[in-house]
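Examining the three-dimensional arrangement
These are the residues of each chain, in order.
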There are 2 protein chains.
Amino acid sequence: MKLTIKKEILLEALNKVSKAISTKNLIPVLAGIKFELKKKRLTLTASDNDITIQTFININNEDDIKVEKEGSIIIQGKYILDIVRKLPDKYINIEVIDELKILIYTENSEFNLNGISEEEYPNINLDESKNKLLINNKVFKNIVNQTAFASSNEETKPVLTGINFNVVGDILECNSTDSYRLARKIVKLEKSTEENYNIVIPSHNIMEFSKILDDDEKENIEMNISGNKILFVYKNIKFQSRLINGTYPNTSNLIPNDQFLIIYTNLNDLYDVIDRASILTSDKEKNIVTLETNGNVLTLKSSSQEIGRVEEKMEIKKNNQEDIRISFSAKYMMEALKSFQTENVELHFVGEIKPILVKSSEDETLTQLVLPIRTY
Amino acid sequence: MKLTIKKEILLEALNKVSKAISTKNLIPVLAGIKFELKKKRLTLTASDNDITIQTFININNEDDIKVEKEGSIIIQGKYILDIVRKLPDKYINIEVIDELKILIYTENSEFNLNGISEEEYPNINLDESKNKLLINNKVFKNIVNQTAFASSNEETKPVLTGINFNVVGDILECNSTDSYRLARKIVKLEKSTEENYNIVIPSHNIMEFSKILDDDEKENIEMNISGNKILFVYKNIKFQSRLINGTYPNTSNLIPNDQFLIIYTNLNDLYDVIDRASILTSDKEKNIVTLETNGNVLTLKSSSQEIGRVEEKMEIKKNNQEDIRISFSAKYMMEALKSFQTENVELHFVGEIKPILVKSSEDETLTQLVLPIRTY
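Quick look at the structure, then. (Residues numbered from 1 in each chain as written. Chains lettered and ligands numbered in written order. Predicted model: local features only at pLDDT ≥ 70, side-chain atom pairs only at ≥ 80, totals over all residues. Heavy atoms only, no water.)

A word on the overall build of chain A. Within chain A, the regular secondary structure consists of 6 helices and 26 strands. Its C-alpha atoms give chain A principal-axis dimensions of about 80 × 50 × 40 Å. Buried positions account for 53% of the 376 residues belonging to chain A. Taking contacts inside chain A between residues at least 6 apart in sequence as the whole, the part at least 24 apart equals 65%. Entry remark: accessible area of chain A is about 18300 Å², with carbon and sulfur atoms responsible for 44%. For chain A, the centre of its 48 positive side-chain charges and the centre of its 57 negative side-chain charges are spaced 1 Å apart. (Helix = DSSP H or I, 4+ residues; strand = E, 2+ residues; numbered from the N terminus. Buried < 20%, exposed > 50% of the residue type's maximum accessible area, 1.4 Å probe, protein only. Contact = heavy atoms within 4.5 Å. Areas by Shrake-Rupley, 256 points an atom, 1.4 Å probe, with all protein chains shown as cover. Lys, Arg positive; Asp, Glu negative; His and termini not counted. Charge placed at Lys NZ, Arg CZ, Asp CG, Glu CD.)

Okay, the pattern of salt bridges next. Residues and elements named next belong to chain A. Within this structure, the stated rule accounts for 51 salt bridges over all chains. With its nearest N and O atoms 4.0 Å apart, the salt bridge here joins Glu 36 to Lys 34. Neither residue differs from the other here; Glu 36 and Lys 34 are each classed as buried. (Salt bridge = Lys/Arg side-chain N within 4 Å of Asp/Glu carboxyl O.)

For the rest of this paragraph, the subject is the pairing of strand 25 (residues 356–360) of chain A. Working note: regular strand, side chains alternate between the two faces of the sheet. Residue and element names in this part refer to chain A. Here strand 25 lies mainly inside the structure; 4 of its 5 residues are buried. In the sheet, strand 24 (residues 344–349) pairs with strand 25 via 4 bridges, with the strands oriented antiparallel. Opposite His 348, over in strand 25, you have Leu 357 as the bridge partner. As consecutive antiparallel partners, strand 24 and strand 25 are separated by 6 residues. Pairing of strand 25 with strand 26 (residues 363–370) involves 4 bridges; the strand directions are antiparallel. Of the residues in strand 26, the one forming a bridge with Ile 356 is Val 370. Linking two consecutive strands that pair antiparallel, namely strand 25 and strand 26, is a turn of 2 residues. (Pairing = 2+ DSSP bridges.)

Here we take up the relation of the copies chain A and chain B. A rotation about some axis, followed by a shift along it, carries one copy of the chain onto the other. Rotating chain A by 180° and translating it 0.0 Å along the rotation axis places it on chain B, where the RMSD comes to 0.0 Å. Both chain copies can therefore be described as sitting about a two-fold axis. Closest approach to the rotation axis among the C-alpha atoms of chain A is made by Lys 24 of chain A, whose C-alpha sits 16 Å away. (Least-squares fit on C-alpha atoms with pLDDT ≥ 70 in both.)

In this section: the environment of Asn 175 of chain B. All names here are of chain B. Position of Asn 175 among the secondary structure elements: in strand 12 (residues 171–177). Exposure remark for Asn 175: the relative accessible area of 1% places this residue in the buried category. Dropping the residues within four chain positions of it, Asn 175 is found in contact with Gly 162, Ile 163, Asn 164, Leu 182, Ala 183, Arg 184, Tyr 248 and Thr 251. Of the polar contacts made by the side chain of Asn 175, one reaches the side chain of Glu 173; its length is 2.9 Å. (Polar contact = N/O pair within 3.5 Å; in protein donor to acceptor, adjacent residues only side chain to side chain.)

What follows deals with the interface of chain A and chain B. Contacts between the two partners involve 26 residues from chain A and, on the opposite side, 26 residues from chain B. At the boundary of chain A with chain B, total buried surface from both sides reaches about 2600 Å², with 50% on carbon and sulfur atoms. Residue Asp 275 of chain B is joined to Lys 86 of chain A by a salt bridge in which the shortest nitrogen-to-oxygen separation is 2.9 Å. At the junction of chain A with chain B, the criterion picks out 18 residue pairs in polar contact (both at pLDDT 80 or more). Those elements that place two or more of their residues in the side of chain A that touches chain B are helix 2 (77–86), strand 9 (109–114), helix 5 (267–277) and strand 21 (308–315) of chain A. Taken together, the residues of the side of chain A that touches chain B break down into 10 nonpolar, 6 polar and 10 charged. (Buried area = accessible area lost by both parts, 1.4 Å probe. Nonpolar A, V, L, I, M, F, W, Y, C, P; charged D, E, K, R; others polar.)

All names here are of chain A. Applying the stated rule across the entire model yields 1 cavity of 30 Å³ or more. Computed from the structure, the largest cavity encloses a volume of approximately 30 Å³. Among the elements of the structure, strand 13 (181–188), helix 6 (330–338) and strand 26 are those that each provide at least two residues to the lining of the largest cavity. With 3 residues, strand 26 is the largest single contributor of residues to the lining of the largest cavity. Of the residues in the lining of the largest cavity, the class split is 6 nonpolar, 1 polar and 1 charged. When we break the lining of the largest cavity down by domain, the ones giving at least three residues each are domain 2 (132–242) and domain 3 (255–370). (1 Å grid on protein atoms, 1.4 Å probe; cavity = no way out; pocket = protein on both sides within 12 Å on 5 of 7 lines; lining within 4 Å. Points joined across faces, edges and corners; volume = space filled by probe spheres on them. Domains from an automatic or database assignment.)

Take the side chain of Asn 224 of chain A next. All names here are of chain A. The residue Asn 224 is located in strand 15 (residues 220–226) in this model. Judged by its relative accessible area of 2%, Asn 224 is buried. Sequence-distant contacts of Asn 224, defined by excluding residues within four places in its chain, comprise Glu 128, Ser 129, Lys 132, Lys 229, Ile 230, Leu 231 and Val 233.

Glancing now at the sheet that holds strand 19 (residues 288–294) of chain A. Here 9 strands make up an open sheet; going across it, the order is 23(A)-19(A)-20(A)-21(A)-9(B)-8(B)-7(B)-1(B)-5(B) and the pairing antiparallel. Strand pairing shows two members of the sheet lacking a second neighbour, strand 23 (325–329) of chain A together with strand 5 (65–69) of chain B, which therefore form its edges. Taken pair by pair, the neighbouring strands of this sheet meet at an average axis angle of 15°, ignoring direction. Pairing of strand 8 (residues 101–105) of chain B with strand 9 (residues 109–114) of chain B involves 5 bridges; the strand directions are antiparallel. The residue bridging Ile 102 of chain B from the neighbouring strand is Leu 113 of chain B, located in strand 9 of chain B. Packed onto the sheet, helix 6 of chain A meets strand 19 and strand 23 of chain A and runs at close to 85° relative to strand 23 of chain A. (Axes fitted to C-alpha atoms, helices over the stretch in contact; angles between N-to-C directions.)

Attention now goes to the packing of aromatic side chains. One pass over the structure, following the stated rule, counts 12 aromatic pairs over all chains. A ring pair is formed by Phe 232 of chain A and Phe 239 of chain A, whose centres lie 6.4 Å apart and whose planes are at 55°; its orientation type is tilted. Across the pair, Phe 239 of chain A and Phe 232 of chain A agree in class, each one buried. Within the aromatic cluster, the residues linked to one another by ring pairs are Phe 140, Phe 209, Phe 232 and Phe 239 of chain A. Above the face of the Phe 56 of chain B ring, Arg 41 of chain B is positioned so that its terminal group lies 3.5 Å from the ring centre. Just above the ring of Tyr 332 of chain B sits the side chain of Arg 181 of chain B; from NZ or CZ to the centre is 3.9 Å. (Phe/Tyr/Trp six-rings, centres within 6.5 Å; stacked < 30°, edge-to-face > 60°. Lys NZ or Arg CZ within 6 Å of the ring centre and 35° of its normal.)

Structure, rendered in structure tokens:
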């Protein structure tokens, strides 16, 4: 393998795949990045057995990349990234000598790295399926931002550590819950699928994928689902994650359609009021605050015997004359509010011990649900 | 105690003293900030027994602060800071009711905090001495930035965890060493002292003080040294730290006056070359790199059997035809280089197993010394 490549192009590609480099893996070869150089394409692959990221650079402009000899090698991910990041030169030369020695050099710098033979790299299947789901890049990133935070971090219920993607026809319903709150996003796909899917994608993995996406609002992401894997394809990136086994709980009956009271308010104002009301609460107690309405005045309260108590007031609008008194986790409610990108927000109350719905007429695709907490 | 105060003024004062709030202290009252309100002045004090910070707000403008009733109280530091930071109002009211209940309120917010009687606060002497040392604010901040990093973190040699301030006449010599490297800064004071001082100030504490200083280049800091304490006074801030007991090692004979070779180079270029040469080294091995000259070419090398090897070259100037080959910690050398704010830098070599001096003709006040490491 021998090539000359523009530093910024190589660095961009390395940054993309580096999220999948294993740092604690017991299989040394997975700490490396696989370089595969063909006449027309340089492909980089990294995998930690949980996710695999692959990206390629097409070779059609000698100003960007020039191939002198095809070949493949595994290069230690941590070092190649550091080297390329810190080299000041515009072009970088990479050459494999004596089969497993990698020479990375520019005018004044020369790095000799020990490589690993590509034969030792696991065989990872990244084939695309015939049935692809297409989803707009921006819509996809919104799904991740608006639902992933509500997943559980506890491995005791593995299925709750993921986001449930439920596809029927051209409707994709995404649910994420840790059993104290629920985030639901419903979007329309560009095309109906032939097959229906009901899968659970690890939240941590889908967030990693979301991070390497650019801001192009016009491009689509392809989703290839097969067996226990999902393969995302976006531009020159392939990102594969395992799926979580198990049946996702049916959440559809959790979201009530009737309510006895709706509160209308500015999102940021409500967020700030809850934020201040929770200053004197502690994480251990799940930051419990109590919300009360009295006509058009909303009061947020909390108290702690040791520290003291708070009372915050703000004006709101309501859909009727009913009033409510209900307690919940300030942290969960603030995270639910933060997921909206709207100016205003609505709280729907079904009962004093029933879930609180957070919605906005400005974005009908998103529903957040926060369970109340009984206080005595 | 009862007052109305502009939020931003109170927040600035709280931010200053909050560095001294004890978070893990076993004495609960030290988790608080002492508020002392007199007709003409509001004074805030915080202390963790190691450092004490006091600041005051003069009361001469009703637009800024208005006193309705004098008094004193200890308020939980963590909560008052959070409350004031998060209140959106321009003015904040603070009132003590029933002796130990603190009411903090604005139009829509009301916080009730449990206070502690000021009688329970330790009596901390912050009296200024007759003999003050005066030092310019900017010069002082440079001393801290250019020397503190070289102190030891190991409590086994307590005296090396501080910066040695040695004052004779109008000359202040500051030394900091962890016994592998030494930072020395020599500055001229504005006035001669009547008394000479040789003290050791904990590096961590002096860095905390440096952080709360503003960027005013004209103001002086007063240093009051008495017994085992140093009290810094700057504008409306008093900052007191304990001193470290013990005799600081005599470092004057460490810095040689003769050398057989001087290398002249651009600072950033040399820094980057060492940075890259150390990519393949590990922290465990203290990032050892080897520097070699051959005529006007400087080569930086490092190698690790497992990972590989690097060779970096750059052009330099020298004061004679001598050459050198010497190994040192890349980390220590980079920290030494980073302490200079100059464009160019000089490396002075006394011998292959003798300390390397880092100097710059653009700043004669600073000398850094890095010990070589023997490699076989």
